Structure formats: structure tokens, C-alpha cells
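Letter by letter, the chains look like this.
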Amino acid sequence: MRKSLAAALLIATAANAAYAQSGDDANRQVSGVLGLEAHATKEVEQDTVHITMSAQEQGPDAATVSRNLTQKANSAMSVAKGQSGVQVQTGNVSLYPTTNRDGKITAWRGRTELQMTSRDFGAVSRLASQISNQMQMDGVSFSLSREAQEKTQAELTNQAIQAFRDQAQNNTKAFGYSSYTIRQVQVGSNAPMMPRPYAMKAMAMSADAAAAPPMQLEGGKTQVTVTVSGTVQMK
């Protein structure tokens, strides 16, 4: 019995010593770990424009309003399809009644949209002008194309990685170590904000209204940022 107890105590003592040794090793390892974060940022021209055209109608019945809206939308779409370099699609369509105090329907109102996207600012501006006697310009916004975003991110990734390495090297020397190894690292980038349309003031249009002149469009700039973060083990 005494021999068994002594053996058990010996095993427990050895296990505790091994655990303490591993804990000391871990502490020594952690003491030389450094967390870093580096950024690379560039302002780039927004190369894509989004224009929303809309038409509104009001009439005594839903069928009349719907028919007039459809005619305007179809007419504008037929013109838009003839313009190369511009993507066109139908936007939101709504039709709803207006009522008096007694809840009786007094009229019907409707609205339809045409959404245009292009990297050719001149072409889409001319198209908006051509169909402005059918639909008014309701909103304009700008964004960065996927191709331009990926190209810029690839360029910035190299810069951010180099900045991370420079930080690691400089901090390693500053802390009195001679070298380092990368423990873990993450590379991420920001997504440019979704385009926010600039609302245009609504104006009533007659059927024979003259087309508005083309608008000069300037997309402005947006920021693209790549971030490299992680930890290094200084030696």
C-alpha cells in the first residue's frame, strides 16, 4: 500500500513539473509576440454612373394610369436599347389609389422607373437627354467598377504587405531582438460604399416638352484601403 502511494505521488510530482515546464516555455514564447497592423490607401476616380429616370401619372382609373405609364416606359426603353455602352433595366413600378375623407377612391397614381448604368458618362448623359421628354431624371450616383476595384486592391496589397514587414523589422530591432517569424496574418480590404443617389427635383412635363440638354457628369473620387494585420514572433 505504501509503495503504491509513493509511486502515485512520484507520478503526480513528475506531471506537475512537466506542466510547469511547459507553462514556462509558453510564457517565454508569448513574451516575444508582437501584434501589428499596416494599411495602404489610395483615392481613385469613380468610373461608373447610375442614373434613375422616372415617370409619374395620375388619372381617374387604374387602367388609364397603367396604360400611360407603360407607353412612356416602352418608348423610353426602345430608345435606350439603341444606345451602346449603357446597361438599362426596368426599376420600381407602383400603382395606388388616392381617397377622400370618406375612403372613396378619387383618383389613381402610378410611377415607373428606368435604371441606367454605364462607364461612358457621355453616352448615358446623352441617352438621359433623349428620353427626358418621356421620363425625368430622378437620381444620379457614382461607384467604382469591379475591375478598377480589383486592380487597385492588388496594387495596394503589395504595399500593405511591405509596410507590415517594415513594421515587423523595425519593431523587432527596437525591442532588442535580431529577427522575427510571422505567426499569423490576415489581409483584408474595404468595399467602397454603395452608390447613394442624388435626388433631382421633380418637374411636371407636358407630352410635347422639349428634351433637356445633356448633363455634364463628374464621378468624383472614392478611397480604397487594404489592411494587413497579424502577429510575429521576435527572436
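Residues numbered from 1 in each chain as written. Predicted model: local features only at pLDDT ≥ 70, side-chain atom pairs only at ≥ 80, totals over all residues. Heavy atoms only, no water.

Participant: Quick rundown of the environment of Lys81? Include the residues and the values.
Facilitator: By the element assignment, Lys81 lies in helix 2 (residues 62–81). You can call Lys81 exposed: its relative accessible area is 69%. (Helix = DSSP H or I, 4+ residues; strand = E, 2+ residues; numbered from the N terminus. Buried < 20%, exposed > 50% of the residue type's maximum accessible area, 1.4 Å probe, protein only.)

Participant: Mind laying out the nonpolar core, listing which residues take part and the relevant values?
Facilitator: Side chains of a nonpolar character, in soluble globular proteins, are inclined to be buried together. By size, the foremost hydrophobic cluster in this structure holds 24 residues, and its most contacted members are Val49, Ile51, Met53, Met116 and Leu217. Looking at this core, the elements that each hand over two or more residues are strand 2 (48–59), helix 2, strand 4 (105–118), helix 3 (121–130) and strand 5 (136–143). Contacts of Val49, omitting those with residues within four sequence positions, involve Met116, Thr117, Ser118, Phe121, Val124, Val140, Ser141, Phe142 and Leu217. Ranked by size, the runner-up nonpolar core spans 17 residues in total, among them Val44, Leu156, Val224 and Val226. (Core = buried A, V, L, I, M, F, W, Y, C linked by side-chain atoms within 4.5 Å. Contact = heavy atoms within 4.5 Å.)

Participant: Go over a nonpolar patch on the surface with me, naming the residues and quoting the values.
Facilitator: Together, Ile161, Ile182, Val185 and Val187 give the surface a local cluster of nonpolar side chains, amounting to about 290 Å² of exposed area. Mapped onto the elements, Val185 comes out in strand 6 (residues 180–189). Classification of Val185 by relative accessible area gives partly exposed; the value is 42%. (Patch = residues over 30% accessible without salt bridge, like charges linked within 9 Å, V, L, I, M, F, W, Y side chains within 5 Å. Areas by Shrake-Rupley, 256 points an atom, 1.4 Å probe, with all protein chains shown as cover. Salt bridge = Lys/Arg side-chain N within 4 Å of Asp/Glu carboxyl O.)

Participant: Which residues make up the confidence of the model for the protein chain, and what values do they have?
Facilitator: In the predicted model, the protein chain carries a mean pLDDT of 84, and the fraction of residues at 70 or more is 78%. When the criterion is pLDDT under 50, residues 2–20 qualifies, and its contacts beyond four places in sequence or with other chains add up to 0 contacts. Here residues 200–209 scores under 50 on pLDDT; set against residues more than four positions off or in separate chains, the count is 14 contacts. (pLDDT = per-residue confidence, 0-100.)

Participant: Outline helix 3, listing residues and values.
Facilitator: Each turn of an α-helix holds 3.6 residues, which means side chains three or four residues apart point in the same direction. Of all the 10 residues making up helix 3, 7 are buried; the element is thus mostly covered by neighbouring parts of the structure. All buried positions along helix 3 are accounted for by Phe121, Ala123, Val124, Ser125, Leu127, Ala128 and Ser129. For helix 3, the capping residue at the N-terminal end is Asp120, with a side-chain oxygen 3.3 Å from the backbone nitrogen of Gly122. (Polar contact = N/O pair within 3.5 Å; in protein donor to acceptor, adjacent residues only side chain to side chain.)

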